[in-house]
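# Architecture and fold: a report
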Amino acid sequence: VDDEPNILNLLRIILESDGSAVDICSNGEEALKQIARTRYDLIVSDFKMPGLNGLQVYERLETSDPATAKRFMLMSGDIIDYRLKQKFEWIGKKCLKKPFTLQEFRAATADIIASH
């Protein structure tokens, strides 16, 4: 989930090249609708987006579908990222700071998929 098409396409290419089937969404509202229809092994979302941000998507999932919320990963390039990352890591979720390396992305996504 990301409002930047270039980021969406890059992450889609990476995940598909690793053998994953991928759906993409450009905003939080669209993502919640898609998540309600489909079971995912992993959900990757940008933090800052128009409308619902990534943390709000996660919080709604935690209320409506806690099992799916456990498979959520947040990424952020925002200046507030340090505190956000600490909070997200404190509750046991992955939060990658943009820019991240391909190795960091693959390791984070593999950890989430393997643990659920």
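Attention in this report is confined to the structure presented alongside it. Each chain carries its own residue numbering, running from 1 in the written order of its sequence. Reporting in this predicted model follows two pLDDT cut-offs: at least 70 for local features of residues, and 80 or more for side-chain atom pairs to be given and counted; totals over whole chains, interfaces and linings ignore these cut-offs and use all residues. Each side-chain value is derived from all of the structure's non-hydrogen atoms; neither hydrogens nor water enter the calculation.

## Describing the pattern of salt bridges
- By convention in these notes, a salt bridge is any Lys or Arg side-chain nitrogen within 4 Å of a carboxyl oxygen on Asp or Glu. Going through the model one piece at a time under the given rule, you end up with five salt bridges.
- Notably, a salt bridge pairs arginine 39 with aspartate 41, separated by 2.7 Å at the nearest N-O pair.
- Classification of arginine 39 as exposed rests on a relative accessible area of 56%.
- Residue classification places aspartate 41 among the partly exposed positions, given a relative accessible area of 45%.
- For lysine 98, the salt bridge is made with aspartate 46, and the minimal N-O distance between the two is 3.1 Å. In this pair, lysine 98 sits in the loop between strand E3 (94-97) and helix H6 (102-115) while aspartate 46 sits in strand E1 (residues 43-46), placing the two residues 52 residues apart along the sequence. Of the two residues examined, lysine 98 and aspartate 46, each falls in the buried class.
- Several salt bridges share partner residues, and in doing so they unite Asp2, Asp46 and Lys98 into one network. Burial here depends on accessible area, computed with a 1.4 Å probe over protein chains only, as a share of the maximum for the residue type. Under 20% is buried, over 50% is exposed, and the range in between is partly exposed. Counting from the N terminus, the helices are the DSSP runs of H or I reaching at least four residues and the strands are the DSSP runs of E reaching at least two.

## Let's talk about helix H3 (residues 54-64)
- Of all the residues in H3, the buried ones are Gly54, Leu55, Val57, Tyr58 and Leu61. In an axial view of H3, the angular spread of the buried residues amounts to 155°, which keeps them on one side of the axis. Exposed and oriented more than 90 degrees from the buried face of H3 are Thr63 and Ser64.
- One side-chain oxygen at the N-terminal end of H3 lies 3.0 Å from the backbone nitrogen of leucine 55; it belongs to asparagine 53. Arc definition: it is the arc formed by the directions from the helix axis to the C-beta atoms. Whenever two N or O atoms come within 3.5 Å, that pair is a polar contact, provided that in protein one can donate a hydrogen and the other can accept it, and provided that, for residues adjacent in sequence, both atoms are side-chain atoms.

## Some remarks on H6
- Helix length check: H6, at 14 residues, gives a terminal C-alpha distance of 20 Å against a target of 20 Å (1.5 Å per residue), a fit within 8%.
- Of all the positions in H6, only Phe105, Ala108, Thr109 and Ile112 are classed as buried. Taken end-on, H6 shows its buried residues confined to a sector of 90°, consistent with a single buried face. Projecting away from the buried face of H6 at angles above 90 degrees are the exposed residues Gln103 and Ala114.
- Any pair of residues with heavy atoms lying within 4.5 Å of one another is described as a contacting pair. Residues of H6 that are buried in the fold lie against helix H1 (5-17), E1, strand E2 (72-76) and E3. Multiply 1.5 Å by the residue count of a helix minus one, and that product is the helix's expected span.

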